[in-house]
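Structural features, examined
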Amino acid sequence: NASRTSLYNIRKGMWDPDLCQLFNVPMAMLADVKDSAGYFGDCPAEIFGQAFPICGVAGDQHAATIGQACFTKGSIKSTYGTGCFMLANTGQECLLSENNLLSTIAYQINGQVTYGLEGSIFISGAVIQWLRDGMGFLSGAAESEVLATSLSNNEGVYMVPALTGLGAPHWSPSARGAIFGLTRDTGPAHFVRAALESVAFQTYDLIQAMRADGIEPKGLRVD
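Description of the structure in this document. Since we're looking at a predicted model, the values are computed, not measured.

Points about helix α6 (residues 188–212)
- With 25 residues, α6 ought to run about 36 Å at 1.5 Å a step, and its terminal C-alpha atoms sit 36 Å apart, in line with that.
- Phi turns positive one or two residues past the end of α6, at G214, with a value near 95°.

What follows is the structure in structure tokens.
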């Protein structure tokens, strides 16, 4: 969690005075940083009738990485929600990407830091939400499967789902969404299939970026 604040030096394992000064954050207000599996204190006894110890803290993508048991170098998880977030375990090496991915701490146990390399896609599940609420092509998200599989292929229709710009590895916030390959035969099913395929294509972009950085995926665990 500390590594996500832009105030923590992930190589030295400490709050960074220069970054704190840059963001005008007094270092005195920052919490002590502990292991992901460390003792953080006890919950108030009145909650459960007993003061249970809190011995683990993990948030968001780090929690998903741990939950998917990505404990070996090269193991990768990909989380699909509003966006898509892929994180690869890079072991004790803080890998500096040459392909626009982000270095982070995956977790820290017994004082040993395990690093990760992450790529973030802005729009994945949100594109289905847009088709449902914005375009009215779907009455419910589950209907997307029915429409997409009603076609034997995409018939040349492709979508760039840059509804809020493009994330990794492109990092183009000014990019906008587009549909290509429209004909008079194009219907809602083509839009839906192109939208679902766009998530797969973006995931492929991240995989290729990780390969270019020297990470050969041993498997992709999905949640």
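Section: unusual backbone geometry
- Along the chain, A168 connects to P169 via a cis peptide bond; the corresponding omega equals -5°.
- Assignment of secondary structure puts P169 in the loop between β9 (158–160) and β10 (178–180).
- Phi is positive for A69, which is not a glycine, with a value near 55°.
- Along the chain, the position of A69 falls in the loop between α3 (60–67) and β5 (76–80).

What about the nonpolar core?
- Counting 17 residues, the largest nonpolar core has V127, I128, L131, L138, M159, V192 and A195 as the members making the most contacts within it.
- Among the secondary structure elements, those contributing two or more residues to this core are α4 (125–134), α5 (143–148) and α6.
- At 6 residues, the largest contribution of residues to this core is made by α6.
- Here V127 is in contact with M159, P161, A195 and V199, once residues within four sequence places are set aside.
- By size, the runner-up hydrophobic cluster in this structure holds 14 residues, among which are I76, L101, L117 and M210.

Focus on α3
- Buried residues of α3: Q61, H62, A64 and T65, and no others. Looking down the long axis of α3, one finds its buried residues gathered within 160° of arc, a one-sided arrangement. In α3, those exposed residues whose orientation departs by more than 90 degrees from the buried face are D60 and G67.
- Residues of α3 that are buried in the fold lie against β5, β6 (84–91), β7 (102–109) and β8 (112–121).
- A positive backbone phi angle near 55° is found at A69, which sits one or two residues after α3.

Some points on the pairing of β5
- By the criterion of burial, β5 is predominantly enclosed, with 4 of the 5 residues buried.
- Hairpin remark: β5 followed by β6, antiparallel, with 3 residues in the connecting loop.

What about the sheet that holds strand β11 (residues 220–222)?
- Spatial ordering of the open sheet is given by β7-β8-β6-β5-β11, a layout of 5 strands whose pairing is mixed. What marks the edges here is a single partner per strand, and that holds for β7 and β11. Direction aside, neighbouring strands of the sheet carry axes that sit 30° apart on average.
- In the sheet, β5 pairs with β6 via 5 bridges, with the strands oriented antiparallel. Directly across from T79, in β6, lies its bridge partner F85.
- Against the sheet, α3 engages β5, β6, β7 and β8, with an angle of about 125° to β5.

The rules we used
Residues numbered from 1 in each chain as written. Predicted model: local features only at pLDDT ≥ 70, side-chain atom pairs only at ≥ 80, totals over all residues. Heavy atoms only, no water. Helix = DSSP H or I, 4+ residues; strand = E, 2+ residues; numbered from the N terminus. Expected span 1.5 Å × (residues − 1). Core = buried A, V, L, I, M, F, W, Y, C linked by side-chain atoms within 4.5 Å. Buried < 20%, exposed > 50% of the residue type's maximum accessible area, 1.4 Å probe, protein only. Contact = heavy atoms within 4.5 Å. Arc of directions from axis to C-beta. Pairing = 2+ DSSP bridges. Axes fitted to C-alpha atoms, helices over the stretch in contact; angles between N-to-C directions.

Read these as spatial facts, not as claims about activity.
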